[in-house]
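One-letter residues, chain by chain:
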Amino acid sequence: MTRHVFAAVFLAAASAACSTAVSGEVVEVQEEKRFAAGADADVEVRTFDGAIEVRSWDRDEVRVEITRRSGSRPDAEALEVRATQEGSRILVEAVNPAEQSPTIRLGPASRSVSLIVTTPARLARLQARTGDGAISARDVSAAVGLHTGDGPIRAERVTGSLAANTGDGDVSLLDVQGPVEVHSGDGVIEVAGLLDGLLVDTGDGDIRIDARQGSVMKGDWVVNTGDGPISLRLPAGSCQVIFRPRDSISRQKSTTHSRFRIAVRSWNGKFTAPRSRW
């Protein structure tokens, strides 16, 4: 199916070494791919530019809905998407056209490939990566990795180890269960759920952590921000918390007999530990 979206175009100067195509029309070409899959599936999806959405259903099947966008139908159809399956391993990859052609597109007619991925609720592994775009995932149990060069990340009701990394964007991980590792070059980070491991770092932004009842520390936790306040809500008597402000002088916020601790550092912000609700 092809859909046409009309938009204004901004024309910029281009190098004489490159050909330039400009159009006032954005064309979307949609395609769908399906793969047989079960709880042992190892699914990886990649795109050079575009949003990725991951959700689950009650079928032993992976469905990938692909939307190619460009300034014309031939250009959109020419965007290559490779899809392979070897046993339980499934890989869908939108190839960066810049690696295949020197032609560039400007403004709204720039090329992108967005992916909507529907998987069984339980998987062995799930990896989603985009060079530029938002990523969301919900209702999945797996070892999950979500990576974007530029854009927000949101995950809800994800069970299993979860790694989220964005070069620039907010990260929101809600109702998650398991160890969590989060990095943002610039953005607010929010994590809430049943946690048993935590590493959170942002170059610039607030951090809010809510380790809910049932969370278990299996090792030290680390929370860092270059600029912004940090708020931690923890199970009562669960750990030792150390706060390191900008001057790097440690101040002990609370002490218990636990053999684990949380190291908290904000280079330009404040730290609060709200009283546990339990």
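Okay, so let's go over this structure. Residue numbers run consecutively from 1 along every chain, following the written order of its sequence. Side-chain atom pairs in this predicted model are given and counted only at pLDDT of 80 or more, local residue features only at pLDDT of at least 70, and totals for whole chains, interfaces and linings cover all residues. The side-chain quantities take in all heavy atoms of the structure and omit both hydrogens and water.

1. Remarks on the pairing of strand S6 (residues 61–70)
Stage number 1. Accessible area is worked out with a 1.4 Å probe on protein chains only. A residue is then buried under 20% of its type maximum, exposed over 50%, and partly exposed in between. Only runs of H or I of at least four residues qualify as helices and only runs of E of at least two qualify as strands under DSSP, and these elements are numbered from the N terminus. With 8 of 10 residues buried, S6 lies mostly within the body of the structure.
Stage number 2. Taken together, the 10 bridges between strand S3 (residues 25–36) and S6 define a ladder with antiparallel strand orientation. Residue pairing across strands places Phe35 opposite Val62, the latter belonging to S6.
Stage number 3. A pair of strands is considered paired only if DSSP assigns at least 2 bridges between the two. Bridging between S6 and strand S10 (residues 112–120) involves 7 bridges; their strand directions are antiparallel. Counted as the bridge partner of Glu65 is Ile116 from S10.

2. Topic: the nonpolar core
Stage number 1. Within the largest apolar cluster, 56 residues are counted, with the highest numbers of intra-cluster contacts made by Leu146, Leu173, Val182, Val191, Leu195, Leu198 and Leu232.
Stage number 2. The element that contributes the greatest number of residues to this core is strand S12 (residues 135–148), accounting for 6 residues.
Stage number 3. We call two residues contacting when some pair of their heavy atoms lies within 4.5 Å. Excluding residues that lie within four positions of it along the chain, Val182 makes contacts with Ala164, Val171, Leu173, Ile189, Val191, Leu199, Val200 and Asp201. Think of a nonpolar core as a cluster: buried Ala, Val, Leu, Ile, Met, Phe, Trp, Tyr and Cys residues, connected wherever their side-chain atoms sit within 4.5 Å.

3. Observations concerning the side chain of Thr225
Stage number 1. Relative to the elements of secondary structure, Thr225 occurs in strand S18 (residues 221–225).
Stage number 2. A polar atom in the side chain of Thr225 sits 2.7 Å from the backbone oxygen of Gly205. Polar contacts, as counted here, are pairs of nitrogen or oxygen atoms within 3.5 Å of one another; within protein the pair requires one atom able to donate a hydrogen and one able to accept it, and residues that are adjacent in sequence qualify only if both atoms are side-chain atoms.

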